[in-house]
Structures are given as C-alpha cells and as structure tokens.
Amino acid sequence: DATRANILAALQALAARMDADDIFLLFYSSHGYSATDLPPLDEPDGKDEYVCTYYLNTDGENLRDDELSAWLNGLPTNRYAAIFDTCFSGGQFRGRASAGNSRQFALGLGEDIRRGGATARDLDDNAQGVVISACRDDQFSAETDELGHGVFTYYLLEGFGGPADLNHD
C-alpha cells in the first residue's frame, strides 16, 4: 500500500498529531532516481531527485525532493532525523534561504563537520535536525541479497545496535 497518496496521507496524519517538543523520524528505503529539474528551478545540477513508491518509476506517482523538503519544513518541530537509503539520496534536501524560516535542510553534512560547523549532540538537543543519506546526489545506493537489504541500512542498524553509541547512553 505504499502509493504516493497513502504515503502523503500518513505523513499528514503524523504532522497533525505533532507539536514543537516532538522528535520526528523518517526512514525511507526504496529505489530512487533523478530527472530534469521541475519548477521551481532550484537544482544546481539541473536534476530533481525522487524516492520511489510502490509503483517504482511511474510518472506522477513518486515523491520529488522539493515536495519532501516543503513538507518537512512545515513540521511543527525542528527536531527530526530524515534517513534515506535510496539512489541519489544525497540530493533529497538542500538548504533554501527564506525569510523567517530557520528550519533549513542542508546538503553536505560531512563538509560541515570537517569545517567544524557541526558538533555531536543528541537528537533532542539539536534544533536543526539531521538528514542522513546513503550516497551523494550523483551516486547509486548499493544493496546485496547477502545482507538482506541495502548496505547503508545494514550498517545503520549495526550502529544503532550498539557500536555507534560509544558512551552507552
């Protein structure tokens, strides 16, 4: 039942029950692709990124990066984690400057960390949220039958199981 309409309805139902002190988690593991940027023309590479629904690459049925960014920017909370294991997922969210909107989704978390612009903190203390992607906007996400799902998802689950929690809190 993972159609576009059902996914959007589920996201809207969640948003309606949320308030400012909630923490929102979106994990999406599916196929992804990129295609020519549609208005608003805002992609530096000229491509919009999509996450696929049940209908895979059917036009009008998949979720475009601009739609997901707008929806997530409209949440009543700044505390979120959006995790994507899809091809081209690094292009899902880009920061957009807009008056009065402090909730900006940014590409390049690794670059921010290297520059010292981000610090490690718990999700409930992070007013900007977190976006994690399996690959860059011009890369494919890998999956193997041996692991049972995407390589990124496998290691994400391994980390959540303990190794990524160095202080065991």
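Here, every reference points to the structure presented above.
This report concerns the structure included in the present document. (Residues numbered from 1 in each chain as written. Predicted model: local features only at pLDDT ≥ 70, side-chain atom pairs only at ≥ 80, totals over all residues. Heavy atoms only, no water.)

Considering the nonpolar core
And then number 1: Among the nonpolar cores identified, the biggest contains 17 residues, and Phe-24, Trp-71, Leu-72, Leu-75 and Phe-84 are the most heavily contacted of them.
And then number 2: Listed by contribution, the elements that provide at least two residues to this core are helix H1 (4-17), strand E1 (24-29), helix H2 (65-73) and strand E5 (80-85). (Core = buried A, V, L, I, M, F, W, Y, C linked by side-chain atoms within 4.5 Å. Buried < 20%, exposed > 50% of the residue type's maximum accessible area, 1.4 Å probe, protein only. Helix = DSSP H or I, 4+ residues; strand = E, 2+ residues; numbered from the N terminus.)

Focus on the sheet that holds strand E3 (residues 47-51)
And then number 1: As summarised here, the arrangement of the three strands in space is E2-E3-E4, forming an open sheet in which the pairing is antiparallel. Two strands in the sheet have a free side with no partner beyond their single neighbour: strand E2 (32-36) and strand E4 (63-64).
And then number 2: With two bridges joining them, E3 and E4 adopt antiparallel strand pairing. Looking at the pairing, Tyr-50 lines up with Arg-64 of E4. (Pairing = 2+ DSSP bridges.)

Some thoughts on unusual backbone geometry
And then number 1: Note the cis peptide between Pro-39 and Pro-40, where omega equals 0 degrees.
And then number 2: The phi dihedral of Phe-88 is positive, around 65 degrees, even though this residue is not glycine.
And then number 3: Tracing the backbone shows Phe-88 in the loop between E5 and helix H3 (109-115).
And then number 4: Classification of Phe-88 by relative accessible area gives buried; the value is 11%.

Examining the pattern of salt bridges
And then number 1: Counted according to the given criterion, the structure contains four salt bridges.
And then number 2: With its nearest N and O atoms 3.1 Å apart, the salt bridge here joins Arg-136 to Asp-138.
And then number 3: Here the salt bridges do not stand alone but share partners, grouping Asp-48, Arg-64 and Asp-66 into one network. (Salt bridge = Lys/Arg side-chain N within 4 Å of Asp/Glu carboxyl O.)

Regarding H2
Because the α-helix completes a turn every 3.6 residues, residues three or four places apart line up on one side.
And then number 1: With seven of nine residues buried, H2 lies mostly within the body of the structure.
And then number 2: Of the residues making up H2, those classed as buried are Asp-65, Asp-66, Leu-68, Ser-69, Trp-71, Leu-72 and Asn-73.
And then number 3: Residues of H2 that are buried sit in contact with H1, E1, E3, E4 and E5. (Contact = heavy atoms within 4.5 Å.)

Some details on the packing of aromatic side chains
And then number 1: Using the criterion set out here, one finds five aromatic pairs in the structure.
And then number 2: Consider the rings of Tyr-154 and Tyr-155, whose centres lie 4.9 Å apart with planes at 90 degrees: the pair is edge-to-face.
And then number 3: Residue classification places Tyr-154 among the partly exposed positions, given a relative accessible area of 27%. (Phe/Tyr/Trp six-rings, centres within 6.5 Å; stacked < 30°, edge-to-face > 60°.)

Overview of H1
And then number 1: Taking 1.5 Å per residue as the helical rise, H1 with its 14 residues ought to reach 20 Å, and the 20 Å between its terminal C-alpha atoms agrees with that figure.
And then number 2: Of the residues making up H1, those classed as buried are Arg-4, Ile-7, Leu-11 and Ala-15. Down the axis, H1 shows its buried residues gathered within 75 degrees of arc, on one side only. Residues of H1 that are exposed and point over 90 degrees away from its buried face: Ala-5, Ala-16 and Arg-17. (Expected span 1.5 Å × (residues − 1). Arc of directions from axis to C-beta.)

Thoughts on the side chain of Thr-86
And then number 1: Here Thr-86 is to be found in the loop between E5 and H3.
And then number 2: Sequence-distant contacts of Thr-86, defined by excluding residues within four places in its chain, comprise Tyr-28, Ser-30, His-31, Gly-32, Val-51, Ala-134, Cys-135 and Ser-141.

Thoughts on the sheet that holds strand E6 (residues 130-133)
And then number 1: Here we have three strands laid out as an open sheet, ordered E1-E5-E6, and parallel in their pairing. Of all strands in the sheet, those bounded by a partner on one side alone are E1 and E6. Sheet twist, expressed as the mean angle between neighbouring strand axes with direction ignored, is 5 degrees.
And then number 2: Of the pairings in the sheet, the one linking E1 to E5 comprises six bridges and is parallel in character. Directly across from Phe-27, in E5, lies its bridge partner Ile-83.
And then number 3: Strands E1, E5 and E6 of the sheet are contacted by helix H4 (residues 151-160), whose axis makes an angle of about 140 degrees with E5. (Axes fitted to C-alpha atoms, helices over the stretch in contact; angles between N-to-C directions.)

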